[in-house]
Amino acid sequence: MIPRSPLQRLLRNPPCRRYSAAPTPSSRLNLPIDYKSTPLLHHTASSVPRAYGLPESTTSKSLNLYQAINSALRTALSTSDKVLLFGEDVAFGGVFRCSMDLQTEFGSERVFNTPLTEQGIVGFAIGAAAEGMKPIAEIQFADYVFPAFDQIVNEAAKFRYREGGTGGNAGGMVVRMPCGAVGHGALYHTQSPEALFAHVPGVQVVMPRSPAQAKGLLLSSIFQHNNPVIFMEPKILYRAAVEHVPNEYYTIPLSKAEVLKPGNNVTVISYGQPLYLCSAAITAIEKSMPGVSIELIDLRTIYPWDRPTVLESVKKTGRAIVVHESMINYGVGAEVAATIQDGAFLRLEAPVKRVAGWSTHTGLQYEKFIMPDVARIYDAIKQTLEY
Amino acid sequence: MSLSLLRRLPRAVRVPRPARVTARWSSSLSQRPGSDRVQFPGAVNSKFTTDMAFMKPSDMPYIPTYRVMDSDGVLVGKDKERPVNVSDEEILTWYRNMLSVSVMDGIMFEAQRQGRLSFYMVSAGEEGISVGSAAALTPDDTVFAQYREAGVFQQRGFTLKDFMSQLFANKNDSGKGRNMPVHYGSNYPRNHTISSPLATQIPQASGAAYALKLQALQNPNIPRRIVACYFGEGAASEGDFHAGLNIAATRSCPVVFICRNNGYAISTPTLEQYRGDGIASRGLGYGIDTIRVDGNDIFAVYEATREARRIALEDGGKPVLVEAMSYRVSHHSTSDDSFAYRARVEVEDWKRRDNPIIRLRKWLENQGLWNEDLERDTRSQMRKAVLQEFGAAEREKKPPIRVAFEDVYEEVTEEAQAQMKELRRILETYPEEYDVRQYEDGVNSL
């Protein structure tokens with residue numbers, strides 16, 4: 001087999017991730033996110049019941065994001081016989097382990113592998129939803145959803161509108177997909193196409209920031225809203241983000257943003273993984289500029305989105321920055337910034353800034369220069385304050 | 001809507017008649033009285049029958065699998081003295097190429113496990129398909145591959161330095177450090193750079209083949225060329241597979257579709273991927289000449305591909321489908337642990353039972369062209385060569401940062417130029433936050 005000696009001589013250094021975008025020793029801002037201490041996660045069980053409006057007796061368990069998704073799927077499958085779960089490699093647990101053990105528990109009639117065809121998977125979900133089921137379709141990576149674009153844009157989104165008086169709709173369906181950058185996904189394991197779907201009225205686009213948020217938002221998508229939902233899961237958080245998640249059924253309303261941290265001088269608006277970068281940048285700026293306080297908002301639902309919460313905040317702070325991973329051009333930031341200048345123009349003290357991926361593709365070696373990082377968010381807050 | 005209702009519609013609403021009927025409609029004969037067969041445009045030669053019988057796939061004979069030698073490396077064809085019309089030297093080259101891919105795979109898989117590169121995919125068990133089929137192509141032919149065809153690149157002249165530059169995404173990588181490992185590409189022989197999404201290359205291959213066909217018509221002096229298009233049996237479930245084969249058939253494109261049927265699409269076994277007689281049966285449905293071959297028999301793969309290439313250039317061009325069978329003895333990729341969904345013993349069993357490299361080695365040894373000493377020396381030289389290029393490629397600089405913005409469009413847009421300027425300002429304002437030394441010209445490329 002492999003020649004142990006020469007290989008080990010060459011590979012003599014201890015296992016290291018040379019390819020990764022490791023911080024430089026002098027980094028002060030672009031440090032790896034410490035998910036164990038970030039204020040965005042519930043590190044203890046005690047804060048959980050109140051956060052989700054649950055009784056104090058509610059029990060919770062420390063889960064990472066894929067385990068929380070798994071818990072939500074298990075809850076959904078046991079709540080209603082109408083719930084189905086399918087996609088590529090779902091039967092053995094999915095490539096990110098989100099459907100682990102679910103086929104064993106709920107049977108291969110309701111949890112199953114599909115052939116490798118995204119348009120087939122989404123079309124199948126639409127048909128099942130139109131006949132009254134609650135299909136949860138998994139697309140293996142958001143980068144691979146595009147063969148299903150026709151089914152989503154022309155079918156799922158327009159189904160209710162087209163059927164009109166017949167009442168027919170595909171509202172029972174949820175399409176889950178892992179999205180976002182992990183440091184080495186290059187062109188096709190990195191994309192975050194929420195803006196493409198948010199351009200299409202008729203589908204709800206959701207992206208949770210944490211395990212507990214994911215469970216509540218996913219259950220809400222399945223049971224509380226009779227609209228097709230595109231549910232995007234930041235895959236870097238699958239293992240990294242760990243927090244206490246209620247064991248029971250609970251929901252978090254869609255189309256409702258959340259103020260994660262109150263502040264008076266700038267509103268930072270984001271969603272998904274970059275919220276952790278925003279939080280770190282805010283901590284740094286509040287330390288370096290005493291007296292300044294920054295408000296942080298998680299959109300949670302990208303579309304239809306919570307305009308009142310954002311406008312109310314910006315009317316208070318007078319300054320706004322939108323942060324997201326995907327490309328800046330025609331992105332979510334453009335919509336949010338335009339809405340702010342329209343709805344809060346006379347209160348603005350500075351132009352609305354966008355910190356987002358540059359208008360290019362995510363080449364393997366360049367990801368750390370393309371994606372927003374703590375330094376760029378810090379710089380944007382500073383510039384906005386000093387405008 | 002009934003016809004009478006339609007008549008009541010105002011004239012202007014009526015759908016206008018097409019100005020010209022399609023060629024196929026106009027060329028088909030109308031049904032003659034007393035004819036024993038259908039002459040509809042969509043079924044031009046179908047006999048009438050009074051026997052209402054549904055055709056069952058299970059009643060059809062399974063498509064056979066072509067082979068030249070058995071798993072002991074013994075020729076099985078009648079009156080076969082030579083396996084293929086190729087010199088011993090060339091067969092030895094094939095063997096060395098399969099071995100080289102296998103040696104590289106072993107080292108790179110281990111290197112990934114140790115964190116030296118982010119990702120890798122081996123092609124263990126499938127070296128015979130890629131090397132054998134590529135050997136039947138000319139350097140002028142164009143290849144669209146999937147991601148498990150390192151042997152195609154090896155056989156078509158990709159050097160170890162080329163492989164390692166891509167794997168480490170350094171400044172010598174033709175993909176400019178933009179792609180994940182194993183997404184190789186080369187300008188000549190033309191191997192289009194691998195794209196991760198499955199099956200997207202299949203209709204592209206049809207279009208490329210059509211381009212080659214037209215170019216040959218427009219300039220009879222250039223050598224006749226085909227497109228070879230590789231994909232797995234899982235990818236053949238995508239809509240693009242069906243679109244690609246059908247359009248190739250209708251436009252008579254000189255393309256050879258080579259399906260590697262290795263039994264698994266990540267965890268999904270073929271039983272959950274399709275229910276017909278493999279991928280080959282679909283070729284017939286599209287009116288495409290089709291063969292199934294034993295993918296562990298490099299002679300069979302070579303012969304079938306060579307003949308497929310000849311057919312593809314016949315009568316002005318037409319598509320051909322080759323389904324090559326070979327069990328995926330490897331994990332899907334370094335991100336996959338296949339023992340989560342299949343038994344280790346199943347894999348070990350396949351490894352022992354058959355393997356394209358061992359099979360050819362047996363034949364070579366029977367011919368006195370190979371032996372244990374040669375095997376040992378060759379493997380050892382190959383390992384040394386791989387490790388040498390490995391080290392060199394890993395030490396090499398990464399491409400300039402500006403490459404992140406180039407090639408999105410032919411020219412860098414005004415917007416992208418402004419973004420490059422802004423990125424440079426950030427890098428210069430916060431120098432302690434970024435390590436740009438590994439990139440050629442550091443911040444100055446922006």
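Remember, it's a predicted structure, so these values are computed and weren't measured experimentally.

Reading the values: the criteria
- Residues numbered from 1 in each chain as written.
- Chains lettered and ligands numbered in written order.
- Predicted model: local features only at pLDDT ≥ 70, side-chain atom pairs only at ≥ 80, totals over all residues.
- Helix = DSSP H or I, 4+ residues; strand = E, 2+ residues; numbered from the N terminus.
- Rg over C-alpha atoms; globule rule 2.2 N^0.38 Å.
- Buried ≥ 20, exposed ≤ 12 C-beta atoms within 10 Å, placed from the backbone.
- Contact = placed C-beta atoms within 7 Å.
- Pairing = 2+ DSSP bridges.
- Domains from an automatic or database assignment.
- Axes fitted to C-alpha atoms, helices over the stretch in contact; angles between N-to-C directions.
- Parallel < 35°, antiparallel > 145°, perpendicular 65-115°, else oblique.
- Left-handed = near helix turned anticlockwise from the far one by under 90°.
- Nonpolar A, V, L, I, M, F, W, Y, C, P; charged D, E, K, R; others polar.

Section: the overall build of chain A
Thought 1: Looking only at helices and strands, chain A has 15 helices and 14 strands in total.
Thought 2: For 387 residues, the compact-globule formula gives about 21 Å, and the C-alpha radius of gyration of chain A, at 21 Å, lands near that figure.
Thought 3: Taking the principal axes of its C-alpha atoms as reference, chain A extends roughly 70 × 60 × 45 Å.
Thought 4: When the 387 residues of chain A are sorted by exposure, 56% land in the buried category.
Thought 5: For chain A, restricting intrachain contacts to residue pairs at least 6 apart in sequence, the fraction spanning at least 24 positions comes to 80%.

Some words on the sheet that holds strand 3 (residues 142–144) of chain B
Pairing between the strands of a sheet comes from backbone hydrogen bonds, and it takes one of two forms, parallel or antiparallel.
Residue and element names in this part refer to chain B.
Thought 1: Read from one edge of the open sheet, 6 strands run 4-3-5-6-10-9, paired in parallel fashion. Each edge of the open sheet carries a strand with a single partner, namely strand 4 (191–192) and strand 9 (289–294).
Thought 2: Bridge analysis of strand 5 (residues 227–232) against strand 6 (residues 255–261) gives 6 bridges, and the strand direction is parallel. From the neighbouring strand, G232 faces strand 6, where its bridge partner is R260.

With respect to the domain arrangement of chain B
Thought 1: According to the domain assignment, chain B contains domain 1 (59–395) and domain 2 (401–445).
Thought 2: With centres defined by C-alpha atoms, the gap from domain 1 of chain B to domain 2 of chain B works out at 38 Å.

Concerning the packing of helix 12 (residues 307–317) of chain A against helix 13 (residues 332–343) of chain A
Residues and elements named next belong to chain A.
Thought 1: At a closest axis distance of 10 Å, the pairing of helix 12 and helix 13 adopts a crossing angle of 60°. By the angle between their axes, helix 12 is oblique relative to helix 13. Crossing handedness for the pair helix 12 and helix 13: right-handed. Each of R307, V310, L311 and V314 in helix 12 lies in contact with helix 13, whose residues at this interface are V336, T339, I340 and G343.

Notes on the interface of chain B and chain A
Thought 1: Contacts between the two partners involve 54 residues from chain B, matched on the other side by 46 residues from chain A.
Thought 2: In terms of residue count, helix 14 (residues 414–429) of chain B provides more of the side of chain B that touches chain A than any other element does, 6 residues in total.
Thought 3: The residue inventory of the side of chain B that touches chain A, partitioned by class, reads 27 nonpolar, 16 polar and 11 charged.

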